[in-house]
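Residue-level structure breakdown
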Amino acid sequence: MNKLEELRNNIDQVDQEIVRLLEKRMIIVQEISQEKQKQEITILDASREQAVLDLARKNTENPAYQETIINTYKDIMKNSRLYQKEKREK
Ligand SMILES: O=C(O)C(=O)C[C@]1(C(=O)O)C=C[C@@H](O)C=C1
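Structural notes, computed from the coordinates. (Residues numbered from 1 in each chain as written. Predicted model: local features only at pLDDT ≥ 70, side-chain atom pairs only at ≥ 80, totals over all residues. Heavy atoms only, no water.)

1. Topic: the pattern of salt bridges
Inspection of every chain in the model, using the stated rule, returns five salt bridges. Between E35 and K38 there is a salt bridge; the shortest N-O distance is 3.8 Å. One end of the pair, E35, and the other, K38, are both in helix α1 (residues 3-38), three residues apart, so they sit about a helical turn from each other. A relative accessible area of 66% places K38 in the exposed class. Measuring nitrogen to oxygen at the nearest pair gives 3.2 Å for the salt bridge that ties E89 to K85. On the criterion of helical spacing, the pair formed by E89 and K85 is a turn pair, its members being four residues apart in helix α3 (residues 66-89). (Salt bridge = Lys/Arg side-chain N within 4 Å of Asp/Glu carboxyl O. Helix = DSSP H or I, 4+ residues; strand = E, 2+ residues; numbered from the N terminus. Buried < 20%, exposed > 50% of the residue type's maximum accessible area, 1.4 Å probe, protein only.)

The following block contains the structure:
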């Protein structure tokens, strides 16, 4: 295996874990969504999103990766809101 293939194999393994964890996160999002619907709470909670971003920043060890990881989290939460919105419309 050449170096590029080997590195891409490493990414595939990490991605497998990421997908597993994202699915785990979505199961919780689904439960939160139902609970917020029951309590008639809006989907967007800006202060909670800020807290999630603060924690992600704190958990990032290498400052060089911070911006990328924060942007990824913004995307994750944007899609989490989209999922919740689509569920409510059904
Ligand atoms: O914690 C919530 O209330 C959620 O709906 C979950 C979540 C998230 O994906 O982390 C999504 C939307 C909210 O704006 C805040 C956080």
